[in-house]
Amino acid sequence: MAEEKKIKDEKTNETKQAKKSGSGKKVVIGIIAAVVVIAGIFVAIKMKKPAKMKDFESQVTTIDGIEIPEGTRIVALGEAAHGNKEFQSLKLEVFQELVEKTNVRALILEGDLGGCAIANKYIQGGEGTAEEATLHLGYTLYKTDEMCELVQWMHDYNETAAEDDKVRLYGMDIQYDEDTILYLEQFYQAVDETKFNDYSDQMVSLMGEVSEDFQASNYDATVALMDDIKEDIEANKDAYTEKVGAAEVEFASYAAENLKYFASYRAKENCANKARDTYMKVNVDWFLEVEEREHNGAVMIGCHNGHMTRNHSSVATFLGTFLAEEYGDKYFAIGTDAYYSVTSLPKTSARDRVDRKFCSDDPIAYQVKDLSEDKYYIDFSKVDANSDLGKKINSNIRTGSVGETDSIMYKFVKSTYTINFKPTDMYDAMIVYYDVEPIRVWTDK
């Protein structure tokens, strides 16, 4: 009897196991099916292209059709990513148009203040080559043929331009101190050799050979040294002016002030985005004041979209908001984007880079796909609000925004490399491409 019960129990357990196994297989099959369906939906969404706008081509123009409102004091040109050739070349193309058509004679880069000042010496007819000047612009990503072409054009333009028509280069960033220290060293070499040795030794002792050497504990001493340098420049202004000119003396004093900004940014503000953009705004104000006072001219800014948009469209968007709030319609913001891009990003360092593929899904940039030009300029004030294009620029849409960092999340989460705002909230105009290529930095320099 016990044996029969045992056999019966075993059969019952086998039946239960079979049912359980069958249920498990159904669950696995169900999960697989769900994954397939979700993947199918994802692929379908990813493969879905934006609709064509029948009125697009009639409402846009090529770069030579750019018109800037009269009275504009600052024109800002953004770039959806730092690591694309087209966006770097665009700085020169737009600057050339502005020099030809407006009173813009100064270009302000998202680059090192001291380094761009050194490059500007070459642009003003100084010694050296465009390649050597390009190496001072502040970032490895600027060590490219495209940026060298920009520097070379500015230099060549000035060789034949009238004195009051010459162009100038400025750098508004304060992240690094090496070239600003070098600029001050070169200044003192020219005006007072003894003070050059003294100040050079003190700057290196307090700030180190490279920016990363700077210690927060040296903040107070660094500020005191910069104040001492500014006082020396003011006390000897006439003598120094005789040797290097008034503009050089004024800029040297301002360079010392910027090293205080650098020290504060590193030691007091923990390298925060808002602090960086706040100091860049101070620099833009100063450059504009000099240009309007000395040259009766406006300025152009070249930087990432993330700095120059009118609204808070990214964690780094402060500069454009500050400028829009202060200058109102005298600030003209031109954003950029591309539908497809292969972008160069730093892998293990700024010099060791990798190419990443992106699709912004920008329905405006997509329109360039089958047109004759590689890019188009869209002045939002000239777009019919009721047209297909007008509805898009006044609606939240995806546009590209890739920083100077690489991330595994780019492969999975579109919001890590795009933003979702109304273009009209961010910009006054846009320049859009269908596709763009990666920069190639000079790895041997």
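Preceding this paragraph is the structure being described.
Residues numbered from 1 in each chain as written. Predicted model: local features only at pLDDT ≥ 70, side-chain atom pairs only at ≥ 80, totals over all residues. Heavy atoms only, no water.

A.B. asks: When you look at the overall build of the protein in this model, what are you seeing that I'm missing?
C.D. replies: A count of helices and strands for the protein gives 15 helices and ten strands. The buried share among the 445 residues of the protein stands at 50%. Within the protein, counting contacts between residues at least 6 apart in sequence, those at least 24 apart form 76% of the total. If you sum the accessible surface of the protein, you get close to 21,100 Å²; carbon and sulfur atoms cover 51% of it. (Helix = DSSP H or I, 4+ residues; strand = E, 2+ residues; numbered from the N terminus. Buried < 20%, exposed > 50% of the residue type's maximum accessible area, 1.4 Å probe, protein only. Contact = heavy atoms within 4.5 Å. Areas by Shrake-Rupley, 256 points an atom, 1.4 Å probe, with all protein chains shown as cover.)

A.B. asks: Please clarify how the side chain of N120 should be interpreted in this entry.
C.D. replies: Tracing the chain through its elements places N120 in helix 3 (residues 113-123). When neighbours within four sequence positions are excluded, N120 is seen to be in contact with V167, R168 and L169.

A.B. asks: Help me out: how do you make sense of the packing of helix 6 (residues 178-191) against helix 10 (residues 246-267) in this one?
C.D. replies: In helix packing, the relevant descriptors are the interaxial angle and the interaxial distance, both defined with respect to the helix axes. Remark: helix 6 packs on helix 10, axes separated minimally by 10 Å, with the N-to-C direction vectors making an angle of 145°. In this structure, the crossing between helix 6 and helix 10 has a hand that is left-handed. Note on element contacts: helix 10 touches helix 6 through E248, V249, F251, A252, A255, A256 and L259, opposite T180, I181, Y183, L184 and F187. In the contact of helix 6 with helix 10, the residues fall into ten nonpolar, one polar and one charged. (Axes fitted to C-alpha atoms, helices over the stretch in contact; angles between N-to-C directions. Left-handed = near helix turned anticlockwise from the far one by under 90°. Nonpolar A, V, L, I, M, F, W, Y, C, P; charged D, E, K, R; others polar.)

A.B. asks: I keep staring at the pairing of strand 4 (residues 298-302) and nothing clicks. Help me out?
C.D. replies: Each regular strand shows side chains that alternate between the opposite faces of the sheet. Within strand 4, five of the five residues are buried, which leaves the element mostly enclosed by the surrounding structure. Across the two faces of strand 4 the burial is the same, with A298, M300 and G302 and V299 and I301 all buried. Sheet topology places strand 1 (residues 74-77) next to strand 4; four bridges connect them, and they run parallel. Of the residues in strand 4, the one forming a bridge with V75 is M300. (Pairing = 2+ DSSP bridges.)

A.B. asks: Is there a simple way to explain the packing of aromatic side chains in this structure?
C.D. replies: Any pair of aromatic rings gets described here by the distance separating the centres and the angle formed by the planes. Scanning all chains against the criterion turns up 27 aromatic pairs. For the ring pair Y188 and Y199, a centre distance of 4.9 Å and an interplane angle of 55° mean the geometry is tilted. On the criterion of sequence distance, the pair formed by Y188 in helix 6 and Y199 in helix 7 (residues 193-207) is long-range, its members being eleven residues apart. Comparing Y188 with Y199, the two get one shared label, buried. With a centroid separation of 6.5 Å and 70° between ring planes, the pair formed by Y254 and F287 is classed as edge-to-face. Placement of Y254 in helix 10 and of F287 in helix 11 (residues 273-295) is noted, with a sequence separation of 33 residues between them. (Phe/Tyr/Trp six-rings, centres within 6.5 Å; stacked < 30°, edge-to-face > 60°.)

A.B. asks: Help me out: how do you make sense of the pattern of salt bridges in this one?
C.D. replies: Between side chains of opposite charge, pairing is possible as soon as their charged atoms come close. Going through the model one piece at a time under the given rule, you end up with 28 salt bridges. When the shortest N-O distance is used, the salt bridge between R276 and D173 registers 2.6 Å. Pair noted here: R276 is in helix 11 and D173 is in strand 3 (residues 168-173), with a separation of 103 residues, a long-range link. For R276, a relative accessible area of 8% corresponds to the buried category. In this structure, R293 and E294 form a salt bridge, with 2.5 Å as the shortest nitrogen-oxygen distance. (Salt bridge = Lys/Arg side-chain N within 4 Å of Asp/Glu carboxyl O.)

A.B. asks: Honestly, the side chain of S200 in this entry has me stumped. Any pointers?
C.D. replies: Of note, S200 is situated in helix 7. Under the relative-accessibility criterion, S200 is labelled buried at 13%. At 2.6 Å, the side chain of S200 forms a polar contact with the side chain of E185. (Polar contact = N/O pair within 3.5 Å; in protein donor to acceptor, adjacent residues only side chain to side chain.)

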